[in-house]
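# Structure at a glance
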Amino acid sequence: MNTPSMRIAYVSLHWPRTKNSGVGRKIIDQMAAWRQHGHTVQFFSHHNDVNDIEALVDGTNIIYQAPKGIVGRPILEINRCLAASRLVNALREYSPDLIYLRWSMYVFPSHRMFQIAPVVVEINTNDVTQHKMLGPVLSTYNRLTRGIYYSKASGLVFVSGELIKSNEFTSFSSPKKVIPNAINLSENLPLEAPKNERPRLGFIGTPDIPWQGVDKLVRLAELCPELDVDVIGFDSLEGWTKLPPNLYLHGYLSKKEAREILAGVDVGMGTLALHRKAMNEASALKIREYLAYGIPIILPYEETSLVGVNLDTILRIPNTEDNIETSWESIRDFAFSMRGKRVKPEQIAPFVGSEFIESERLNFFIKCIDGYNKSNEK
């Protein structure tokens, strides 16, 4: 189905999106796919000031100052709101046919963007359970304000089937659709399999996010001394003064640097503790990166794009707190068996390739625009 040409505004709130981050690369891939289909796309990013503006995803940056400390907190929130007002004005000037909003906590007066064009909200997590982990103040604020975006949206895109069925979202009547995350396979070419005597396991993560489960990798390294573990994104682990000699922390890396590390691994590990935020299904960016490179994967949860896909290059383990204790032998044996093997591109392209998935997203945009126009005619 060919969609008519659209003028799309892609909006991200609160966080600077760097080109080398997983989310940043996802945004770049999505916009590139939409442009390849003939659409005009502009990225609008609302965030605190950064040292290197060139490192950010190209687009319109709406920047606010973020004073530190308790005294600086009220000033930060005022600055955030003023920047959100400038964002709305920039969107109005751009005059999009559709606004694609990556969900974040509400900031005044961002609700005014819903008066400009139909807004489709992308939902990547259960915000209610996730914000419980951030403390009572943020959790309460989120509960009180979350409906502002969800109830006004012309469409809700969920990255997993579990999210769309969650009780936290069933009360909202906006059109809903599950569209998992994707990756541009033409920009992320397969890697040759390494020739390791000792199998290597790779993991990409982000610090200070407990459901990543990076702490479990320490235990895995202890249980499997014959296995080497490469951890990207961490240069230290809180609470650990001495790490196993077969666990290597590589810190934050650029995409090129991360690819060089992953070129040497035999298997890639998915998020290990999704259960810590009461979830069992996800659409993780790291899994798409592993698969694009041809790396066999270990899934400790249900992967939306791979439900019902059975390959000998995929190992599934339970999404439980003790999944390493109960599955370390399976992980070790799988890693040994995957030495010299790679996932074939044609096996995974229909499930994770942006060429396939972004077409589905664009078709949903058209339906949301039609619904918005009809509601305004009444």
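It should be noted that the structure appears before, not after, this text.
All figures in this text were calculated on a predicted structure; none of them were measured in a lab. (Residues numbered from 1 in each chain as written. Predicted model: local features only at pLDDT ≥ 70, side-chain atom pairs only at ≥ 80, totals over all residues. Heavy atoms only, no water.)

### Some words on helix α2 (residues 69-94)
Spanning 26 residues, α2 covers 36 Å between terminal C-alpha atoms, matching the ideal 38 Å at 1.5 Å per step. Along its buried surface, α2 packs onto β1 (7-14), β2 (40-48), β3 (60-64) and β4 (98-102). Positioned one or two residues after α2, Ser95 has a phi angle of 55 degrees, which is positive. (Helix = DSSP H or I, 4+ residues; strand = E, 2+ residues; numbered from the N terminus. Expected span 1.5 Å × (residues − 1). Contact = heavy atoms within 4.5 Å.)

### A closer look at the nonpolar core
Leu201, Leu217 and Leu220 are the most contacted members of the largest nonpolar core, which has 91 residues in total. Here the element with the most residues in this core is α2; it accounts for eight residues. Aside from chain neighbours lying at most four places away, what touches Leu201 is Leu217, Leu220, Leu227, Asp228, Val229, Asp230, Val265, Val267, Met269, Ile298 and Ile331. Core analysis: the second largest hydrophobic core is formed by 24 residues, Ile8, Val157, Phe364 and Phe365 among them. (Core = buried A, V, L, I, M, F, W, Y, C linked by side-chain atoms within 4.5 Å. Buried < 20%, exposed > 50% of the residue type's maximum accessible area, 1.4 Å probe, protein only.)

### Quick look at the pairing of β4
Counting buried residues in β4 gives five out of five residues, a clear majority hidden from the surface. With burial as the criterion, each face of β4 is covered, one bearing Leu98, Tyr100 and Arg102 and the other bearing Ile99 and Leu101. As judged from the four bridges shared by β4 and strand β5 (residues 119-123), these two strands associate in the parallel manner. Looking at the pairing, Arg102 lines up with Glu122 of β5. (Pairing = 2+ DSSP bridges.)

### Some words on the sheet that holds β4
Pairing is parallel across the open sheet formed by seven strands, whose spatial order is β3-β2-β1-β4-β5-β6-β7. This sheet does not close on itself; its edge strands, each paired only once, are β3 and β7 (176-178). Here the strands of the sheet are splayed against their neighbours by 20 degrees on average, with no regard to which way each runs. Relative to β4, β1 runs parallel, the two sharing five bridges. Its bridge partner lying in β4, Tyr10 is registered against Tyr100. Its contacts with the sheet place α2 against β1, β2, β3 and β4, and it is angled at close to 170 degrees to β2. Its contacts with the sheet put helix α11 (residues 354-377) on β1, β4, β5, β6 (155-158) and β7, and the angle it makes with β6 is roughly 160 degrees. (Axes fitted to C-alpha atoms, helices over the stretch in contact; angles between N-to-C directions.)

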